[in-house]
Amino acid sequence: MTETRRKQLHLGKCIEDLDKLHNVPDLKTKRANLSLFRLCKTAQKLFESAEEARKNGDEEYSYVYYMKYLRVIAYLSKDKEYLKDKSYYNSMLGAKNPNKAIDAAEKLKNSLIDRYAMELKQKRLNDIKENEIFKQKIEENRKKAIEVSINEPPSTPVNLPGPDEVTIKSEQLYSILKAGKLKVMILDARPGKDYLESHISYPACISVPEECISPGQSANVLEQNLPAASRPVWSSRASADLIVTLDWSSRAPIPGTPLHLLRTILLKWDIKVQYARPPLALEGGYEDWLLKYPASTTNPQAQPPRPDDSMDDMLGDIEYPSWAELSPPAAPRRAPEPDRATKAAAVLVYDERARTMQKILEQQEVIADTSLTLEMQRIEAEQDWEKVRSQQETEQQDDVRAMYQLREQEIISQLMQLENKQYDMEQENQSLREQLEEYQRRERDEAAQLAETIASQETEADADERARARTELAARIAAVRQQRARLDRTREQLEQQRKRKLAEAREKKKPGEDREDDGDAYMDDSPGAAALSRAHSSPNIAKGRGLTGLKNLGNTCYMNSIIQCLNNTAILVAYFRNGQYLEHVNRSASTRGAIAEEVAAVVRALWSGQYRFIATRDLRNEVGKQQRAFRGCEQQDSHEFLTILMDWLHLDLQFRADAPPHKDSLAPSEKAWYEYTKSKESLILRLFYGQIKSTVRCTVCSKQSVTYESFSNLSLELPANANRCSLSDCLKLYLSGETIPGWNCPNCKDKRDAVKKLDISKLPPVLVIHFKRFYVDPKEYQANAYRKKQTYIDFPLEGLDMRQVAPACPGAAAYELYAVSNHYGSMEGGHYTAYCKSSLYGKWYKYDDHVVTEIPASDVKSSAAYILFYSSCGPARAS
């Protein structure tokens, strides 16, 4: 039989080191929480581990496991419960195993003592040889340096990772340090004691102990907590060409770990420093470096921390057993055989549930970290607002003061949006918390059954490991939440100060001062725009066609949001830009075509690519002439504005269409449509208008009354008492029947209860959906106080299939989302923005009054979504 090859020594330097590993605390203090059955199982597990390690040639681990096993056996031999039923427990433990363990441990001990002595002797010889070689190399290098030519060959380029990589390999870092061409800083994020024991031998390698790193820290706070020896190097980080972070063994900076938190602090919360490139994490950590380049460390003998042995906590300082005192084993008692199929299924269910619970906790941790980041951003915004406000008050020049005013609007908008994001995070966290509670409830209900079937396959160590992992994760989440609560209190104080100072500023204003300044319009050389002049604060910065902002003229964000949504309706934009609309301007309408002309002028300016932002003063004035509510500076409802604007544009751009032949033979819905349009159509009508069929049925005689009504947008109720719902839920609620009491039934000739049912009979190419978020509070009905529903609505960005809710509608197609009008805040103090997908660039952008920024598609869904714009027109472009 071939002898197993012995593994290299790795646990200690002498036999005393191994004795420390099995010389553990007294088991007597732990016995109260452990059944004797469990303790026997633990002993079996230890014996099997010892045998397995010996089989694999790992003499050190085998010796430690044998010794731990013998200590457990020694304790069992004196246990009262064991003495009552020796034969049963001896059969469970195995009669020959203790003696076998004693013999094996003695042989291993002698072997290991010899091997440690040999290794020590060999190490001394190697040290002598290495010292001689080192001296020889120094002498050789000195000679080569004398002989080297002045004209050195060109050096090879530094092997840096790519710009998108977040890690660097040990080989790459070693070659960079050896080349000495880049200024490198190494931030060692292991525990401080580990750094002191051993670290990379490099002058700019400093300790940033993991115990000093916590979520939400700024770089300044972290610097104050660093060891004194680390601070001088840390303060020069701005001049570093490359920053490398490391822990013991991470392959990448995983969210929630000290390495990831350190990266976040450097990139997000180190405001004073602009890094040459983002920091890179050492792949495999210090353990990998120690393995590959031990000579480049301060102590190559350092050992990486091994995983905690879960048995250590339960093993006591017990004397060696005297197995001869034990009575001879009797015939083993046969336990009932478990159903293997049932056991496997139970283990599968338990593992799946444990993984799901772990995943939920990890999601909660990510949400907690993100929420903390949002809280810090809100504090920063509050502090920025205070600076801008004080600068605006002391500034004498009108143009500079106007710039401060714009910045103030940006900050207030940012605060509302951050608050909304935090609300969405809290709702998502609540949903996860409910899922977790449901899993925990089910786990408790089934715990007894699962325990019986799993007991023989899962050790107590495995169960403890699961519980420990969950406890640690929950503790990290709690710590982050506590820190966020502290920041929340700080931010609330700043917010109260801001609101108080705003109120004081309003009281000090003289009558007539609360109107928008008059220094911001724009110039457009195209026809119909002669009344527009260029703004001194709107330089010709061409960010791109269709990516121009709209200045807030005094609570006109509701108007700006809707205009930007319409400005990203590709067919409508092409209609206004190519001048085709001029053929349809209706001078006989109540608005005499003025609304359409002003909208066309705005669209052409927004697509000119010449302005960073423009002011729609002429459009605002024309709208105010037609509707008194839009004349002042009060905040208005964007949905109300959209509905009225659609009707105005339809009237302004009407043209006569041919009447359908054989009108009497038309289907009821088509006949109703003709009666509504009276052959007067428009592009607005053809794009945005659909039709609803309303059926009222008497509950007594079943008599039905059918009517048809046109719509330019669907206004949907939200499910009652729901924090989260889907667009599909809202559509089903809208189209479900409702009971109408006291309906005058034409057949019964009396008041009857009836059921009213809505159906979509005609879908428009552009489907606009409005959510009824505002409602009158029943508790304050007399005061007409409105409240807002902050419900998060999940809606598809593409592939909205209306065939499910409009089966009778001919040609129902899939719709794609291209614009969203958002509302933040409340009725008393709110703000509107727009998210729009550019038909030209294929990307999503946020239109926040005069500021336009690109956003990821993942940001489009939020509880601020108020009006959705869907199109089935395909990828038409407004170019």
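The shown structure was predicted, so the numbers you read here are calculated from the model rather than taken from an experiment.

Undergrad: Can you tell me about the nonpolar core, naming the residues and giving the values?
TA: L566, L572, F576, L645, F688 and F869 are the most contacted members of the largest nonpolar core, which has 59 residues in total. Counting residues per element, this core draws most heavily on helix α18 (residues 594–606), which supplies eight residues. For L566, the contacting residues outside a window of four places in its chain are L572, V573, L642, L645, M646, F688 and F869.

Undergrad: Please set out the packing of aromatic side chains residue by residue, giving values where relevant.
TA: Evaluation of the coordinates by the stated rule reveals 16 aromatic pairs. Centroid distance F47 to Y66: 6.1 Å. Interplanar angle 70°. Geometry classified as edge-to-face. Of this pair, F47 sits in helix α2 (residues 36–55) while Y66 sits in helix α3 (residues 59–76), and the two are 19 residues apart along the sequence. When sorted by exposure, F47 lands in the same class as Y66, which is buried.

Undergrad: Describe the confidence of the model for the protein, listing the residues and the values that go with them.
TA: On average, residues of the protein carry a pLDDT of 78, and 73% of them reach 70 or more. The low-confidence segment residues 509–542, where pLDDT is below 50, has 65 contacts with residues more than four positions distant or belonging to other chains. Across residues 875–879, confidence stays below pLDDT 50; counting only partners more than four residues off in sequence or on other chains, it has 14 contacts.

Undergrad: Quick one: what's the story with the side chain of T833, residue by residue and with numbers?
TA: Within the fold, T833 resides in strand β22 (residues 830–837). Assessed through its relative accessible area of 1%, T833 is described here as buried. Every residue in contact with T833, bar those within four places of it in the chain, is listed here: S413, Q417, S561, V820, S821, N822, Y824, Y847 and D848.

Undergrad: Please give an account of the packing of α18 against helix α19 (residues 617–626) that cites residues and values.
TA: How two helices sit against one another is set out by the angle between their axes and by the gap between those axes. Put simply, α18 and α19 touch, their axes get as near as 9 Å, and they point 160° apart. As summarised for this structure, α18 and α19 are arranged roughly antiparallel, according to the angle between their axes. The handedness of the crossing between α18 and α19 is left-handed. Together, A594, I595, E598, V599 and V602 of α18 and D618, L619, E622, V623 and Q626 of α19 make up the contact between the two elements. The residue makeup of the contact of α18 with α19, split by class, is six nonpolar, one polar and three charged.

What counts and what doesn't
Residues numbered from 1 in each chain as written. Predicted model: local features only at pLDDT ≥ 70, side-chain atom pairs only at ≥ 80, totals over all residues. Heavy atoms only, no water. Core = buried A, V, L, I, M, F, W, Y, C linked by side-chain atoms within 4.5 Å. Buried < 20%, exposed > 50% of the residue type's maximum accessible area, 1.4 Å probe, protein only. Helix = DSSP H or I, 4+ residues; strand = E, 2+ residues; numbered from the N terminus. Contact = heavy atoms within 4.5 Å. Phe/Tyr/Trp six-rings, centres within 6.5 Å; stacked < 30°, edge-to-face > 60°. pLDDT = per-residue confidence, 0-100. Axes fitted to C-alpha atoms, helices over the stretch in contact; angles between N-to-C directions. Parallel < 35°, antiparallel > 145°, perpendicular 65-115°, else oblique. Left-handed = near helix turned anticlockwise from the far one by under 90°. Nonpolar A, V, L, I, M, F, W, Y, C, P; charged D, E, K, R; others polar.

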